[in-house]
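Structure assessment
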Amino acid sequence: MNWRKWLDEFVLAGKGILLATKERKFWYGAIPSFIFFGMLMNLLSGGTSKFELMGALGFPQNLQIIWSSFLAIFGINQPFLDWLPIFLIATLQGILIGLITLLWDKKRTKKGQNAESLEKAGIITGLIALGAGCPTCGATLLTPLIGAIFSTGSLAIAGTVSTIVTILAIVIAILSLKRLGVETYAIIINEKYLAKKAKQTSKEKKEKSEKSS
């Protein structure tokens, strides 16, 4: 494996993400996704108990639970070790969907095989990340099943499952970010080059026209 090439790709991906943050379309996907996944993981952090509670309570209490889940994204009234993985995954998920939103928008302005390949690559890697986007949800939903199968040590097993799934989700998200970040960098740099070339061509034509007149 060429580690130098991998490092170079991560550097390019980082540059691509930085360039993407300057585009409004990126934030249209990133911010709602970050909030949605963050709230969802916080609501499911204790299994389905919060949803069952919301079903039994009225609207004002439900609104309070939802608001608390929103604040929990930023670590308010949350233990640090419980908050950190949820925040990291929600952030990674937000960036991923932000990149996919941006690439999808740029694809619509292009034609040809390159744009089609870009769409497929972006959507596929994005779906892979989405599939692992809520590891805490899956782990907490498995807790009752684990408790039914194992008479003792179910919490320890659930904790191990949660840790493994969380680590896998973060690894998949980072690899997807590398792929999408490099593609974003290539497209934005190419757009800037074409815009500069078009401007230069227009300037040359104008100069020729002035000379001929």
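Our subject is the structure that appears above.
Anyway, here's the lowdown on the structure attached to this text. (Residues numbered from 1 in each chain as written. Predicted model: local features only at pLDDT ≥ 70, side-chain atom pairs only at ≥ 80, totals over all residues. Heavy atoms only, no water.)

Considerations on the nonpolar core
- Formed by 15 residues in total, the largest nonpolar core has its most connected members in A20, F26, L96, L99, L102, L177 and L180.
- Mapped by element, the contributors of at least two residues to this core are helix 1 (3-20), helix 2 (24-43), helix 5 (80-108) and helix 8 (154-212).
- Here this core takes 6 residues from helix 5, the largest share from any one element.
- With residues near it in sequence (within four places) discarded, F26 still touches A20, T21, I95, G98, L99 and L102.
- In terms of nonpolar packing, the next biggest core, distinct from the first, is built from 9 residues, I73, I86, I89 and I97 among them. (Core = buried A, V, L, I, M, F, W, Y, C linked by side-chain atoms within 4.5 Å. Buried < 20%, exposed > 50% of the residue type's maximum accessible area, 1.4 Å probe, protein only. Helix = DSSP H or I, 4+ residues; strand = E, 2+ residues; numbered from the N terminus. Contact = heavy atoms within 4.5 Å.)

Here we look at the pattern of salt bridges
- Taken as a whole, this structure holds 5 salt bridges when the rule is applied.
- Ionic pairing is found between K106 and E23, a salt bridge with its closest N-O pair at 3.7 Å. Taken together, the residues K106 in helix 5 and E23 in the loop between helix 1 and helix 2 connect sequence positions 83 residues apart.
- Residue classification places E23 among the partly exposed positions, given a relative accessible area of 24%.
- Through salt bridges with shared partners, a single network forms among E23, K106 and E191. (Salt bridge = Lys/Arg side-chain N within 4 Å of Asp/Glu carboxyl O.)

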